[in-house]
Amino acid sequence: MKPLPLWKPVTVFVVALFSLLYAAPSMMGGVPSWWPSWLPQLVIARGLDLQGGLYLLLHVEVDKAVEQAAENMVDDVRGVMRNAKLRYRGVEHSGKEEVSVKLSQPDEMTQARKVLATEIPHAVITEDPDHTTLKLTINPKDQKEMRNFAVEQSIQTIRSRIDQFGVAEPTIQKQGEDRILVQLPGLKDSSRAKALIGRTARLEFKVVDEKGDLAAALEGRVPAGDIVLYGEQTDKKTKKANRQPYLLKKRTVLSGELLTDARVNFDSQYNEPYVSITFNSQGARKFSQLTAEHVNERMAIVLDNTVYSAPVIRERIDGGRAQISGSFTAEEAHDLAIILRAGALPAPVTIMEERTVGPTLGRDSIEHGITAALVGSLLVLAFMGIYYRAVGWLANLAVALNIVILLAILAWIQATLTLPGIAGMVLLVGMSVDANVLVNERIREELRTGKPPLLAIDLGYDTAFITILDSHITTLITALILFQFGTGPVKGFAVSLAIGLVASMFTAIFVTRVVLAMVLKNRRIKSLSI
Amino acid sequence: MEIFPHKTSIDFVGISWIAYLLTGLMFVASTISLATQGMHMGIDFAGGTLIQLRFQAPPALQDIRTTMVGLGLGDVVIQEFGTREEIILRVQKQTGDDGKPGELAAKIIKALEPLVGKDPIELRRVEFVGPQVGAELEQKGFLAMLYSIGAILIYVAWRFELRFAYGAVIALAHDAYCSMGLLSILQKEFTLTIVAAVLTIVGYSINDTIVIYDRIREEMRRNKKSSLAEVINIAINRTLSRTVITSGTVVMVLLALLLFGGEVIHDFALVLLFGIIVGTYSSIFVASPIVLFFEKKRSDHTKTAPKEEVAS
């Protein structure tokens, strides 16, 4: 037998010790109170499929953000034209990212163009062939920035909503160009969380067009500059939803951006919840001016294109406070206040993928997974012990160390354990046994040819080495590809398998050989228990 | 303890006609099933909503069906999941009719409540996959399969020879195809987790094949005068006990997973179990004969010496 350099047993001992220390908290299901603070504290996190929770993949409709910017440009263009004393027949949002200006005097074209170009630098201006219309489109670079900003802003807004709602350890990440991944572990009420996250929450105040003909508008003849929006009221007695149309001036006179606070209050008379909102100084000034201008008219409070209420303005309102009432439950009012405080999403989001696992299913999965892992491992250990006797138990030791190393690394890199991840571990037990089987079968073969035990061991390990290397690397290739392409649970499976394969090479080739050499050192044995 | 006598000398190459028959049979059965009934695509790929509910007492499926028809959700598949109290609903329609996302489950539970009186219905799981994500996942799964096969082809060609690489790749394509065939025949749902299972089969099958190839390479060097068919026979026989023991232990573990792993992991374990058995079979009866086939195809009978190993 080859001589055993000292560094080999030392390496085995150190790896085993560190792995045990790192794996221990996870194996005990958490850091126990007696566990000293100077020892590793990291515990493998359980995936959503094991502890329950909500996984959401959202798509941010970034094009809508650009569209909104173009719509906002209409007011800017009007202002610029007015200040420059240029007359125009109309300014309108004529395409997705386009605003067109029709001039009254074609000879003012050059001047208008010059003024608009300096005042609105993020627009590309083109002239129509008829020489009376200018078209402004948002330039591509700014569009790209707006799209990026819409996603970043959405992430921040969603994070702030979730933080205020109160979820432990949420994950909110950007995925690709225009997607957001939200993971909320341990969540109980998923539909409420979804409503909280997915709502755009664009709060707008619009003046009701009292002179317009609502009936005609409903038949399709909407007056220029107007819009029909609906309000939804639920009748308290019949519980029937009632859709009521309103004819509103299209222009938003005040929006939720100027809010500083939103709180839930209760109506003293009916004990009904409502949300009271407070504007900042600019908003308060605007609000007071507006209410003064529109006394005895109705002002509609519109949230995401639904009219919540349209109270009549009795008098000028100072102090910058308003209230949103509707037939809310206390819960709805509470969530609405959170959403308004956190602010509107810059663009609507849609749910592309959702996975909710209830807490009881997660618990069942863990129990099942652990039972299966235990039964499977015990079967294999018993078989190996019987089939290869002493060397079989050595292999079992290697497999056990393999699992401990895997758990230690998973804890150390803070990986997430999923149900397929447990399955991966169970499969790994089977496969790491294989490396040991390869070695043991080789040793047996060498023994049969009449070689002495110590030589047979050396030859067995040497010849099995290449086979183990090749077979592990090819399996590792598939594990890595699985990791690259997989999502969520599949990734967890790939991680467990890949780490385990590397650990398996180490334990089967290196550890068992060192231990065997230590045991057989300075002994002249005639037979091997294999 | 030993399962096999020291020296088996089964003429694997000679009895390969049995293998052709069996492989042909599996291939035909898989192809017919895939062509006629196809894969039962799960919502991961087809898109849609899956809702798992647990009732306090076994509900009447017929009543649930009637209630679902009343909701007008289009096609709804209703089935028991593991126990009789547990029900899975699969809905094609993406969202509630008012277009608000994620209210479908709440709506369905509300509609079902009159059926069970006061006992609460527990929402165990909701999965919703939009059509775009479904298409992306399908593409990803397909690419993963393709890349694995490509990478293995390159690695085996580098470590061994090209004809070995062909054999390995054909063997694992065989395993993947038969596993898909089984899924189609049993009409088990094809999900992301199943893709992981099939890829694992690919990984295991290649592992098994490499062990035999490695032995073929070794025996080729040792027995320069023997024909390739003889060498292959020797190699398979020498590794036979290892092959059976390893597959046996993996099968043991998978049986434990199948029996105790719970309903969520059940199909995953089933596909793996089938795939491991087929993968073991294909290493012996598909991968090795193909090396021989490419050997025969060579017009010049000059035997090229196998590549030397890099490390030893």
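These numbers come from a predicted model, not from an experiment.

Describing the overall build of chain A
- Secondary structure summary: chain A contains 13 helices and 19 strands in total.
- In terms of overall size, chain A is more extended than a compact globule, its C-alpha atoms giving a radius of gyration of 35 Å where 530 residues would be expected to give roughly 24 Å.
- Its C-alpha atoms give chain A principal-axis dimensions of about 110 × 60 × 45 Å.
- Residues classed as buried in chain A amount to 42% of the 530 residues present.

Looking at the overall build of chain B
- What chain B contains, in helices and strands, is 9 helices and 6 strands.
- Counting over 312 residues, chain B shows a buried share of 45%.
- Of all intrachain contacts in chain B linking residues separated by at least 6 positions in sequence, the fraction that spans at least 24 positions is 75%.

Notes on the packing of helix α5 (residues 140–165) of chain A against helix α9 (residues 330–342) of chain A
Residues and elements named next belong to chain A.
- One can describe the packing of α5 onto α9 by two numbers: an axis separation of 9 Å at closest approach and a directional angle of 140 degrees. Taken together, α5 and α9 sit at an angle that is classed as oblique. For the element pair α5 and α9, the recorded crossing hand is right-handed. The residues of α9 that touch α5, namely those facing Thr157, Ser160, Arg161, Gln164 and Phe165, are Ile338, Ile339, Arg341 and Ala342.
- Across the contact of α5 with α9, the residue classes break down as 4 nonpolar, 3 polar and 2 charged.

A closer look at the interface of chain A and chain B
- Counting residues at the interface gives 61 residues for chain A, matched by 58 residues for chain B.
- Elements with a contribution of two residues or more to the side of chain A that touches chain B: α6 (190–198), β18 (349–357), α10 (359–412), α11 (419–448), α12 (453–485) and α13 (488–520) of chain A.
- Broken down by element, the side of chain A that touches chain B gets its largest block of residues, 15 residues, from α10 of chain A.
- Of the residues assigned to the side of chain A that touches chain B, the class counts are 32 nonpolar, 20 polar and 9 charged.
- In this sheet, strand β5 (residues 122–129) of chain B lies alongside β18 of chain A in antiparallel orientation, the contact comprising 5 bridges. When the sheet's bridge partners are listed, Glu354 of chain A is paired in β5 of chain B with Phe128 of chain B.

Side note on the sheet that holds strand β8 (residues 179–185) of chain A
- Strand order across the open sheet formed by 8 strands is β7(A)-β8(A)-β2(A)-β18(A)-β5(B)-β2(B)-β4(B)-β3(B), with antiparallel pairing between neighbours. In this open sheet, the two strands that pair with only one neighbour each are β7 (171–175) of chain A together with β3 (76–81) of chain B. Strand-to-strand, the axes of this sheet are offset by a mean angle of 20 degrees, without reference to chain direction.
- Here 7 bridges tie strand β2 (residues 48–54) of chain B to β5 of chain B, and the two strands are oriented antiparallel to one another. Paired with Leu50 of chain B across the bridge in β5 of chain B is Glu127 of chain B.
- Contacts from helix α3 (residues 61–71) of chain B reach β3 and β4 (83–91) of chain B within the one sheet, and its direction differs from that of β3 of chain B by about 155 degrees.

A few points about the sheet that holds strand β6 (residues 133–138) of chain A
Residue and element names in this part refer to chain A.
- Read from one edge of the open sheet, 4 strands run β3-β4-β6-β5, paired in antiparallel fashion. Of all the strands in the sheet, the pair left with one neighbour each is β3 (88–95) and β5 (123–127). Taken pair by pair, the neighbouring strands of this sheet meet at an average axis angle of 20 degrees, ignoring direction.
- Both β5 and β6 contribute to a ladder of 5 bridges, which runs antiparallel. What sits directly across from Thr126, in β6, is Lys135.
- Contacts from helix α3 (residues 62–83) reach β3, β4 (98–103), β5 and β6, with the element oriented near 170 degrees to β3.

Topic: unusual backbone geometry
All names here are of chain A.
- Phi at Lys85 is positive, roughly 60 degrees, even though this residue is not glycine.
- Mapping Lys85 onto the fold places it in the loop between α3 and β3.
- Positive phi, normally seen in glycine, also occurs at Asn296, with a value near 70 degrees.

What to know about the domain arrangement of chain B
- For chain B, the assigned domains are domain 1 (16–40 + 133–297) and domain 2 (48–129).
- Once you take the C-alpha centre of each, domain 1 of chain B and domain 2 of chain B turn out to be 39 Å apart.

Some points on the pairing of strand β16 (residues 306–309) of chain A
All names here are of chain A.
- In this structure, strand β15 (residues 299–303) lies alongside β16, joined through 3 bridges in antiparallel fashion. Residue Val302 lies in a different strand from β16, and its bridge partner there is Val307.
- Between the end of β15 and the start of β16, which pair antiparallel, lie 2 residues, with Asp304 showing a positive phi angle near 50 degrees.

Remarks on the domain arrangement of chain A
- What the domain assignment lists for chain A is domain 1 (7–47 + 359–520), domain 2 (66–142) and domain 3 (199–356).
- Computed from C-alpha atoms alone, the centre-to-centre distance between domain 2 of chain A and domain 3 of chain A is 31 Å.

Observations regarding the nonpolar core
- By size, the foremost hydrophobic cluster in this structure holds 226 residues, and its most contacted members are Leu340, Val426 and Leu482 of chain A together with Ala168 and Val253 of chain B.
- Sort the elements by how many residues they give to this core and α10 of chain A lands first, with 23 residues.
- The residues touching Ala168 of chain B, leaving out its near neighbours within four places in the chain, are Ile152, Val156, Ile206, Thr209 and Ala287 of chain B.

A look at the environment of Leu290 of chain A
Residue and element names in this part refer to chain A.
- With respect to the element layout, Leu290 can be found in helix α8 (residues 281–293).
- What makes Leu290 partly exposed here is the crowd of 17 C-beta atoms within 10 Å.
- It is 8.7 Å that separates the C-alpha atoms of Leu290 and Leu254, two residues lying 36 residues apart in sequence.
- Ignoring anything within four residues of it in the chain, the contact list for Leu290 reads Val253 and Leu254.

Some remarks on α8 of chain A
All names here are of chain A.
- With 13 residues, α8 extends 18 Å between its outermost C-alpha atoms, agreeing within 8% with the 18 Å of an ideal straight helix rising 1.5 Å per residue.
- Taken as a whole, α8 has its buried residues at Gly283, Phe287 and Thr291. Projected down its long axis, α8 shows its buried positions confined to an angular sector of 60 degrees, all on one face. Residues Ser281, Gln282 and Glu293 are exposed on α8 and point more than 90 degrees away from its buried face.
- Lining the buried residues of α8 we find β12 (254–255), β13 (259–266), β14 (273–279) and β17 (321–324).

Side note on the environment of Lys96 of chain A
Residues and elements named next belong to chain A.
- Locating Lys96 in the fold gives a position in the loop between β3 and β4.
- Along the chain, Lys96 and Val490 lie 394 residues apart, while their C-alpha atoms are 40 Å from each other.
- In contact with Lys96, other than residues within four places in its own chain, are Asp63, Glu67 and Ala70.

Focus: the packing of α6 of chain A against α9 of chain A
Residue and element names in this part refer to chain A.
- The contact between α6 and α9 brings their axes to 10 Å, and the two run at 30 degrees. The angle between α6 and α9 falls in the class roughly parallel. Between α6 and α9 the crossing geometry is right-handed. In contact with Arg192, Ala195 and Leu196 of α6, α9 contributes Asp335, Ile338 and Ile339.
- Split by residue class, the contact of α6 with α9 holds 4 nonpolar, no polar and 2 charged.

Quick word on helix α6 (residues 162–186) of chain B
- In this model α6 of chain B runs 36 Å from its N-terminal to its C-terminal C-alpha over 25 residues, within 8% of the 36 Å that 1.5 Å per residue would give.
- Phi for Gln187 of chain B, located one or two positions after α6 of chain B, is positive at around 55 degrees.

Let's talk about the environment of Leu401 of chain A
Residue and element names in this part refer to chain A.
- The residue Leu401 is located in helix α10 in this model.
- Under the C-beta neighbour-count criterion, Leu401 is labelled buried, with 23 such atoms within 10 Å.
- Separated by 110 residues in the primary sequence, Leu401 and Val511 place their C-alpha atoms 9.3 Å from one another.
- Those residues within four positions of Leu401 in sequence are excluded, and the remaining contacts are Ala16, Thr507 and Val511.

What counts, and where the lines are drawn
- Residues numbered from 1 in each chain as written.
- Chains lettered and ligands numbered in written order.
- Predicted model: local features only at pLDDT ≥ 70, side-chain atom pairs only at ≥ 80, totals over all residues.
- Helix = DSSP H or I, 4+ residues; strand = E, 2+ residues; numbered from the N terminus.
- Rg over C-alpha atoms; globule rule 2.2 N^0.38 Å.
- Buried ≥ 20, exposed ≤ 12 C-beta atoms within 10 Å, placed from the backbone.
- Contact = placed C-beta atoms within 7 Å.
- Axes fitted to C-alpha atoms, helices over the stretch in contact; angles between N-to-C directions.
- Parallel < 35°, antiparallel > 145°, perpendicular 65-115°, else oblique.
- Left-handed = near helix turned anticlockwise from the far one by under 90°.
- Nonpolar A, V, L, I, M, F, W, Y, C, P; charged D, E, K, R; others polar.
- Pairing = 2+ DSSP bridges.
- Domains from an automatic or database assignment.
- Core = buried A, V, L, I, M, F, W, Y, C linked by C-beta atoms within 7 Å.
- Expected span 1.5 Å × (residues − 1).
- Arc of directions from axis to C-beta.

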